[in-house]
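A structural walkthrough
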Amino acid sequence: MKRLSTSLLCLALSGFISAVAAINPAEINPQVKTPFNPAGEANREELNKAIQAYMALPPQEVTAHPGAKIFPGAVEAKERIQASVNYDPNLIHRWDTAAGNAPNLATSADVWQETGLYAAPGEIVTVKATALPEGRTVRIIVGCHRDGLLKLDKWTRFPILSRTFTLQAGENKIANAFGGQIFIQVQNGAKKATSTAKAKESASLEFSNAVAAPTFVLGKDNAESWKKSLNAPAPWVTLVGKNAILHVRKFEVVKLENPQALLEWWDKALGLEDDLVALHRLAPERVVPDLQISAGFMHSGYPFMCWVKPSEHEIVDLAKLSKEGNWGFFHELGHNHQRTDWTFEGQTEVTCNLFSLYCMEKLVGKPVGQGHGSLKNVDELMSKRTGTPPNLGPFEQLAPFIVLIKAHGWEPLRQTLRSYEKTPAPKGSNRAALQNLFVVRYGELAKVNVAPFFASLGYPLTEETQQALKSFPAFNYTPAAK
């Protein structure tokens, strides 16, 4: 590997001279077949600082990184455009947080707004803001790949790919060594607007020296406009639905005649997940495949991240999605809907699967319990869950919910989860209190005494809970005869 510089440190006391070489981030170019091992570097902390400094260079000093050609991709065409882009200065949240309608994982200022533009690697894009909305901070994000890899011990791509710039009124310069799709993000400023009325209903920014990016917006575009859009030279495509936004590389969709049906499928999937918990959506979720992600096979968040292999093609494979669904996609988006009111300690990887079950049945048509290979034998899972000691694996903990759904249908569980939107658990409730509240709500809605069933799972039910359900017929779980 090439070195940026060599400085000679003269140690006068010993007369010893050593050469200290610093790695040039511009020369770090990991590939899938030739990964970079940062753990092998003598000073990992300094390496990370050098990379962060490289990605924070003033736009005038930015040049294209050689790795950008491979990922996220080069811009071959020379044509650049100017464009005026409108944005909503009030669009800050994905959910109706003002009404308390947000999962516990909700974060502020997480919505990106599309521009239909792309920044070529190493090139300066000028953003002119004639005026900025009062009480708001407006930022430009360059690159949808927000996962940082600095903490990982192996890199198959450069560890930081995106950049964020805070706009000032007037002319702003932005640039990213890796290029990327351009987004607008609005945040509450240091001085919050006292009401959304203080922010204009719409605002605009002027971009120059940008690259046109293929974009399809459901309800606005059609097959003809989509075909024309594919001529845009940017390497990444944005497909915008009401509930979901999909990002994939252009070669994945060049044969897609019309993205409408695909986006309608994704909108239905998110619509079902929203419906299960009565979540009022203000902005779509975002799906991004990456060459390397920071954790797991996929992970939740905004964007929801997955690996390009094998998941990128599956994002846009409507035939496979319609026939088989995708447990992982449903699962990660389920994380974005979880509440701690009904996701108890140790159940983070459990209740998100309720959304997978729901979508598999309601959207894909698979009977409950048939959407994942680990659910082939629910009785065996139940035996492990109620064993001594109990097995608290994610599918063992999911099995009791499947038993209840098979016995009473989805509606009692759906209504139970939805009840927390208007009547959340009292603040400060401990785990035992939350479990008792859930059992009472479910039992009353199902009109069944499920207290003995949950007691067998180790729920610490109070006398008050047992009395609340005593008048209902008892529910008894009976394993299927072998």
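Scroll up a little and you will see the structure.
Residues numbered from 1 in each chain as written. Predicted model: local features only at pLDDT ≥ 70, side-chain atom pairs only at ≥ 80, totals over all residues. Heavy atoms only, no water.

**Considerations on the packing of helix α3 (residues 260-277) against helix α6 (residues 327-335)**
Put simply, α3 and α6 touch, their axes get as near as 10 Å, and they point 45 degrees apart. When the axes of α3 and α6 are compared, the pair comes out oblique. In terms of crossing hand, the pair formed by α3 and α6 is right-handed. Facing α3, whose interface residues are W265, W266, A269, L270 and E273, α6 presents F329, F330, L333 and G334. Here the residues of the contact of α3 with α6 sort into seven nonpolar, one polar and one charged. (Axes fitted to C-alpha atoms, helices over the stretch in contact; angles between N-to-C directions. Helix = DSSP H or I, 4+ residues; strand = E, 2+ residues; numbered from the N terminus. Parallel < 35°, antiparallel > 145°, perpendicular 65-115°, else oblique. Left-handed = near helix turned anticlockwise from the far one by under 90°. Contact = heavy atoms within 4.5 Å. Nonpolar A, V, L, I, M, F, W, Y, C, P; charged D, E, K, R; others polar.)

**Observations regarding the packing of α6 against helix α7 (residues 348-364)**
At a minimum axis distance of 7 Å, the contact between α6 and α7 shows a crossing angle of 125 degrees. Taken together, α6 and α7 sit at an angle that is classed as oblique. Both α6 and α7 take part in a crossing whose hand is right-handed. Within the contact between the two elements, α6 uses W327, F330, H331, G334 and H335 and α7 uses T348, E349, C352, N353, F355, S356, L357, C359, M360, L363 and V364.

**Describing helix α10 (residues 411-422)**
Given a rise of 1.5 Å per residue, 12 residues ought to cover 16 Å, and the 17 Å separating the end C-alpha atoms of α10 matches this to within 8%. Of the positions making up α10, those classed as buried are P412, L413, R414, T416, L417, Y420 and E421. (Expected span 1.5 Å × (residues − 1). Buried < 20%, exposed > 50% of the residue type's maximum accessible area, 1.4 Å probe, protein only.)

**With respect to the sheet that holds strand β16 (residues 304-307)**
In spatial order, the strands read β11-β12-β13-β14-β16-β15; together these six strands make up an open sheet with mixed pairing. Strand pairing shows two members of the sheet lacking a second neighbour, β11 (215-217) and β15 (298-299), which therefore form its edges. Bridging between strand β14 (residues 285-290) and β16 involves four bridges; their strand directions are parallel. Bridge assignment links P289 to a residue of β16, and that residue is C306. (Pairing = 2+ DSSP bridges.)

**Focus: the state of the cysteines**
Counted according to the given criterion, the structure contains zero disulfides. In this structure C306 is not part of a disulfide, and its nearest cysteine sulfur, from C144, lies 11 Å away. Using a relative accessible area of 0% as the deciding quantity, one classes C306 as buried. Here C352 is not cross-linked by a disulfide; its sulfur's nearest cysteine counterpart is in C359, at 12 Å. The exposure class of C352 is buried, given its relative accessible area of 0%. (Disulfide = S-S within 2.5 Å.)

**Looking at unusual backbone geometry**
The omega angle of the peptide bond from F71 to P72 is 10 degrees, so this bond is cis rather than trans. Locating P72 in the fold gives a position in the loop between α1 (44-54) and β3 (81-87). For the bond running from Y302 to P303, omega is 0 degrees, close enough to zero to count as cis. The residue P303 is located in the loop between β15 and β16 in this model. At N209, a position not held by glycine, the phi torsion is positive, near 65 degrees. Among the structural elements, N209 can be located in strand β10 (residues 203-212). Here N209 falls in the partly exposed class, since its relative accessible area comes to 30%. Here the phi dihedral of K447 falls at roughly 55 degrees; this positive angle occurs in a residue that is not glycine. Tracing the backbone shows K447 in the loop between α11 (431-446) and α12 (451-456).

**A few points about the packing of aromatic side chains**
On inspection of all chains with the given rule, the structure shows 21 aromatic pairs. Judged by centre distance (5.5 Å) and plane angle (80 degrees), the rings of W112 and Y302 are edge-to-face. On the criterion of sequence distance, the pair formed by W112 in strand β4 (residues 112-119) and Y302 in the loop between β15 and β16 is long-range, its members being 190 residues apart. On the numbers, 6.3 Å between centres and 40 degrees between planes, the contact of W327 with F395 is tilted. (Phe/Tyr/Trp six-rings, centres within 6.5 Å; stacked < 30°, edge-to-face > 60°.)

**Description of the nonpolar core**
Generally speaking, nonpolar side chains in soluble globular proteins are found buried as a group. W266, L357, L398 and F454 are the most contacted members of the largest nonpolar core, which totals 76 residues. Here L357 is in contact with W327, V368, G369, L375, L398, I402, I405 and W410, once residues within four sequence places are set aside. Ranked by size, the runner-up nonpolar core spans 28 residues in total, among them F71, I160, V211 and W236. (Core = buried A, V, L, I, M, F, W, Y, C linked by side-chain atoms within 4.5 Å.)

**Quick word on the side chain of E285**
Within the fold, E285 resides in strand β14. Overall, the relative accessible area of 1% leaves E285 in the buried class. Of the polar contacts made by the side chain of E285, one reaches the side chain of R94; its length is 3.1 Å. When near neighbours in sequence (up to four residues on either side) are disregarded, E285 contacts R94, W95, N243, A244, I245, L270, G301, Y302, L333 and N336. (Polar contact = N/O pair within 3.5 Å; in protein donor to acceptor, adjacent residues only side chain to side chain.)

**A few points about the pairing of strand β7 (residues 163-166)**
Here β7 shows a buried face lined by R163 and F165 and an unburied face lined by T164 and T166. Pairing of strand β6 (residues 136-142) with β7, which is carried by four bridges, proceeds in the antiparallel orientation. Bridge pairing in β7 links R139 to T166.

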